[in-house]
Amino acid sequence: MSFEHLRHKPPRELTQPRELLIVCAPMRSNINLSRIARVASCCGLDRIICTGQASLDRKIARDGADTITIEVRRTLPPVLERLRDEGYRLVGLEQTTDSHDMHHFQFQRKTALVIGNERTGLTPDLLKLLDDVVEIPVWGLPFSYNVATATTMALYEYCRQFPNG
């Protein structure tokens, strides 16, 4: 068997648009937001809703800086309520008392993945608005993954469950 490296292999075609949306609490680092935008673009998403000072570093976000629309809102509760009215399932990515292990969680196609701040996570006022919370198991220290890394894992799991869109 022989393997040949294919640099910049064309992306797979989606048979239908993704119905996944990322919603971010204020990020402390535009590096994390830029990493999230890059992976969101790789996953076929086209927008992220953020609060706070949201800007992308083009060197990190790469093509995501051109393909992802960043919508900035003042606060998240009204955004989450509107998304619920539009039929989105609101799923937080956080460690909580009743969170689901992501290895056993079935996403709904129309999902808004709610991402917390790097230090404070998802605040109690946001947690009470969510339909579900998923967490990613950790087997060592520190006790949680970096926010961009965790978001990448959650996006990958969603795409694994819905590979065609």
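Below you will find a few notes about this structure. All of these numbers come straight from a predicted model, not from anything done at the bench.

**Quick look at the overall build of the protein chain**
What the protein chain contains, in helices and strands, is six helices and seven strands. The order of α-helices and β-strands along the protein chain, N terminus first, is β-α-β-α-α-β-α-β-β-β-α-β-α. Taking 165 residues into account, the globule formula puts the C-alpha radius of gyration at 15 Å, and the protein chain, at 16 Å, falls close to it. Buried positions account for 43% of the 165 residues belonging to the protein chain. Across the protein chain, contacts joining residues at least 24 apart in sequence account for 70% of those joining residues at least 6 apart. For the protein chain, the accessible surface area stands at approximately 10000 Å², while carbon and sulfur atoms represent 50% of it.

**Regarding the pairing of strand β1 (residues 20-24)**
Here β1 lies mainly inside the structure; five of its five residues are buried. Every second residue of β1 is oriented toward a common face, with Leu-20, Ile-22 and Cys-24 on one face and Leu-21 and Val-23 on the other, all of them buried. Relative to strand β2 (residues 47-51), β1 runs parallel, the two sharing three bridges. Each residue of the ladder has a partner; that of Cys-24, found in β2, is Cys-50.

**Overview of helix α1 (residues 30-42)**
With 13 residues, α1 should reach 18 Å at 1.5 Å per residue; the first-to-last C-alpha distance of 18 Å fits that figure. Elements that come into contact with the buried residues of α1 comprise β1, β2, α2 (58-61), α3 (64-67) and α6 (147-161). Where α1 begins, the side chain of Ser-29 points an oxygen toward the backbone nitrogen of Ile-31, at a separation of 3.0 Å. Looking one or two places after α1, you find Gly-44, whose phi comes out positive at around 90°.

Quick notes on the rules
- Residues numbered from 1 in each chain as written.
- Predicted model: local features only at pLDDT ≥ 70, side-chain atom pairs only at ≥ 80, totals over all residues.
- Heavy atoms only, no water.
- Helix = DSSP H or I, 4+ residues; strand = E, 2+ residues; numbered from the N terminus.
- Rg over C-alpha atoms; globule rule 2.2 N^0.38 Å.
- Buried < 20%, exposed > 50% of the residue type's maximum accessible area, 1.4 Å probe, protein only.
- Contact = heavy atoms within 4.5 Å.
- Areas by Shrake-Rupley, 256 points an atom, 1.4 Å probe, with all protein chains shown as cover.
- Pairing = 2+ DSSP bridges.
- Expected span 1.5 Å × (residues − 1).
- Polar contact = N/O pair within 3.5 Å; in protein donor to acceptor, adjacent residues only side chain to side chain.

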